[in-house]
Amino acid sequence: MADEAVRPGLEGIVAAAQALGAKKQAPGRGLPPVHLWNPAHCGEIDIFIRKDGVWFHEGTPIGREALVRLFSTVLRKDPDGIHLVTPVEKMKIQVEDAPFVATRVDRDGAALRFLTNVGDEVEAGPENYIRVEMAPDGEPRPYVHVRRGLEALIARPVFYELVELAEERQTPQGPTLGVASNGAWYPVGPAWAHQL
C-alpha cells in the first residue's frame, strides 16, 4: 500500500487513532477505550489480517510496522466480526484466524508473559486464558487471550516452548500436559496425547 494512496476512510482512522494517543504502545500505557465507543457502522474496509499476522490493504501488505501497530490499538471484536473503531467510525475488516500472533513467551515466577507481533504484552491467567484447539488435520491451534475477546495465535516455536514448560496433571479425561500461569492451569493438548 503506497502511503500516498490511503483512502479517506483509512485516512480518517489513522488520524483519529493518532489523535487519541495510540501512536505508540508502551508498557503500562493504556489503549484507547474502543469498548466504550458506539459510532455508526460505516461498512467494510479492504483490510485483511492473514493468519501469520501480516496485514494487507487492497491486497498489498502494509509495510509500515508503525501503521499496523496503530491500527491494532483500535481493533474491537463485535458479534458480527472484527472492526477498526474510532469515536466516529466503525469499519469491518477480515481476519483469517486471530488478529495477533504471540511471538514470544517468558516464564516470570508464577506467570507466563507473551509478546505479540504488534507489541502487546500479555500475562496469562484467569483473565487472559490460553486455549488449544485441534485442527481437522490433528495439528494444535494454540491461542492466548489479549484483550476484550481478541486473541493471538501462538506461533509454532512459542508453542513448542510452552510444551517444554508443561507438566502432566491428572484430569477427568486422563493424564494431560499443561502449563500454569497466575494460579490458572491450561492444557496444551488432549489427554493422553503426550503418551502416544
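Residues numbered from 1 in each chain as written. Predicted model: local features only at pLDDT ≥ 70, side-chain atom pairs only at ≥ 80, totals over all residues. Heavy atoms only, no water.

To continue, consider the packing of aromatic side chains. Going through the model one piece at a time under the given rule, you end up with two aromatic pairs. Relative to phenylalanine 56, the ring of phenylalanine 48 lies with its centre 6.4 Å away and its plane at 45°, an arrangement referred to as tilted. A centroid spacing of 6.2 Å and a plane angle of 25° characterise the contact between tryptophan 55 and phenylalanine 71, whose relative ring orientation is stacked. A residue pair is termed long-range when its members are at least 10 positions apart, and tryptophan 55 in strand E2 (residues 55-57) and phenylalanine 71 in helix H2 (residues 65-72) qualify at 16 residues. The same class applies to tryptophan 55 as to phenylalanine 71, namely buried. (Phe/Tyr/Trp six-rings, centres within 6.5 Å; stacked < 30°, edge-to-face > 60°. Helix = DSSP H or I, 4+ residues; strand = E, 2+ residues; numbered from the N terminus. Buried < 20%, exposed > 50% of the residue type's maximum accessible area, 1.4 Å probe, protein only.)

As a further point, take the sheet that holds E2. Strand order in this open sheet of six strands is E3-E2-E1-E6-E5-E4, and the pairing throughout is mixed. Lying at the two open borders of the sheet, with one neighbouring strand each, are strand E3 (60-61) and strand E4 (75-78). In the sheet, E2 pairs with E3 via two bridges, with the strands oriented antiparallel. Looking at E3, one finds that histidine 57 is bridged to threonine 60. (Pairing = 2+ DSSP bridges.)

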